[in-house]
Amino acid sequence: MAGNQGNGRTRAKAGADRKAEIIEAAANIFMEKGYEAASIQDVADAVNILKGSLYYYIKSKDDLLYEVIQEVHLRGLENLDSQRDSDDPADVRLHTFVYRHLTFNAQHLAKMTVFFHDFRSLSPERRALIVEERDQYDKFIRKIIDDGIAAGVFRADVDSRLAAFSILGSMNWIYQWYRPDGPRAIEEIADRMATYAVNSIKA
């Protein structure tokens, strides 16, 4: 019995690892070709399996796009959740959030590119799910800014809604210009951009 359970866990892990490999390959292909131009055959070729075998792991190309987008989106929400209970001052919380979000985006450039370029290729139902979860980012940053205004850390004339949109926009645009082989490490870039975000609204 124990041996069968062990074999089952081994097969399950191998299946999960294979699916993760497929999702990673799909993200790179969708980034390079665009979702509409890419095919299931492209993904199958990238992971060196038959096209028919790929359907053991996913049901359709739309499913594969959703897996790519949902994976990076949920990982980002985990970053947000890890900071919800912080007792740090608002300026420190904002700096930490921006820093972590930027480094995360830079570490997942292919998936972030697919997220922003091909999000609208999802079915309406799946788009609605992502949008509902994505709104948590806006609410989270606005809460930090409002807390900072109330505490006198941020300027009283700051519009938290517009400030949140501005900060989110600058963070998300990094996928357009950041290059891992560039002259500055992402840690330095993230620290400077987080400092700029804080200083732009600080009292």
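Just above sits the structure.
Residues numbered from 1 in each chain as written. Predicted model: local features only at pLDDT ≥ 70, side-chain atom pairs only at ≥ 80, totals over all residues. Heavy atoms only, no water.

Caption draft 1: Region of interest: the overall build of the chain. Of the regular secondary structure elements, the chain holds 10 helices and 0 strands. Counting helices and strands in the order they occur from the N terminus, the chain gives α-α-α-α-α-α-α-α-α-α. Relative to its full complement of 203 residues, the chain shows a buried share of 42%. Sequence separation of at least 24 residues holds for 71% of the intrachain contacts in the chain that already meet a minimum separation of 6. Carbon and sulfur atoms make up 51% of the accessible area of the chain, which amounts to about 11,300 Å² in all. Considering the chain, the positive charge centre built from 27 side chains and the negative charge centre built from 31 side chains are found 2 Å apart. (Helix = DSSP H or I, 4+ residues; strand = E, 2+ residues; numbered from the N terminus. Buried < 20%, exposed > 50% of the residue type's maximum accessible area, 1.4 Å probe, protein only. Contact = heavy atoms within 4.5 Å. Areas by Shrake-Rupley, 256 points an atom, 1.4 Å probe, with all protein chains shown as cover. Lys, Arg positive; Asp, Glu negative; His and termini not counted. Charge placed at Lys NZ, Arg CZ, Asp CG, Glu CD.)

Caption draft 2: Representation of the pattern of salt bridges. A complete count under the given rule lists 15 salt bridges for this structure. Arginine 18 is paired through a salt bridge with glutamate 21; the nearest N and O atoms lie 2.7 Å apart. Taken together, the positions of arginine 18 and glutamate 21, both in helix H1 (residues 2-33) and 3 residues apart, correspond to about one turn of that helix. Accessibility expressed as a relative area gives 36% for glutamate 21, which makes it partly exposed. A salt bridge links aspartate 81 to arginine 84; its shortest N-O distance comes to 2.8 Å. For aspartate 81, a relative accessible area of 42% gives the class partly exposed. For arginine 84, a relative accessible area of 41% gives the class partly exposed. Members of the salt-bridge network, linked through shared partners, are Glu24, Glu71 and Lys111. (Salt bridge = Lys/Arg side-chain N within 4 Å of Asp/Glu carboxyl O.)

Caption draft 3: Structural detail: the packing of helix H5 (residues 90-107) against helix H10 (residues 186-199). Direction vectors running N to C along H5 and H10 enclose 145 degrees, while the axes themselves pass 8 Å from each other. Once H5 is placed against H10, the crossing between them reads as right-handed. Seen from H5, the contacting residues are Asp91, Leu94, His95, Val98, Tyr99, Leu102, Thr103 and Ala106; seen from H10, they are Ile186, Glu187, Ala190, Asp191, Met193, Ala194, Thr195, Ala197 and Val198. Grouping the constituent residues of the contact of H5 with H10 by class yields 11 nonpolar, 3 polar and 3 charged. (Axes fitted to C-alpha atoms, helices over the stretch in contact; angles between N-to-C directions. Left-handed = near helix turned anticlockwise from the far one by under 90°. Nonpolar A, V, L, I, M, F, W, Y, C, P; charged D, E, K, R; others polar.)

Caption draft 4: Region of interest: the packing of helix H7 (residues 124-150) against helix H8 (residues 160-172). Direction vectors running N to C along H7 and H8 enclose 125 degrees, while the axes themselves pass 9 Å from each other. Accordingly, the angle class assigned to the pair H7 and H8 is oblique. Along this stretch, H7 crosses H8, giving a crossing that reads as right-handed. Taken together, the residues of H8 that come into contact with H7 (itself represented by Tyr137, Asp138, Ile141, Arg142, Ile145 and Asp146) are Ser160, Arg161, Ala163, Ala164, Phe165, Ile167, Leu168 and Met171. Tallied by class, the residues present in the contact of H7 with H8 amount to 9 nonpolar, 1 polar and 4 charged. (Parallel < 35°, antiparallel > 145°, perpendicular 65-115°, else oblique.)

Caption draft 5: Spotlight on H10. If you check H10, its first and last C-alpha atoms are 20 Å apart, about what 14 residues at 1.5 Å a residue would give, namely 20 Å. Turning to H10, its buried residues are Ile186, Ile189, Ala190, Met193, Ala194, Ala197 and Val198. For H10, the angular spread of the buried residues around the axis is 160 degrees, confining them to a single face. Contact partners of the buried residues in H10: H5, H8 and helix H9 (174-177). (Expected span 1.5 Å × (residues − 1). Arc of directions from axis to C-beta.)

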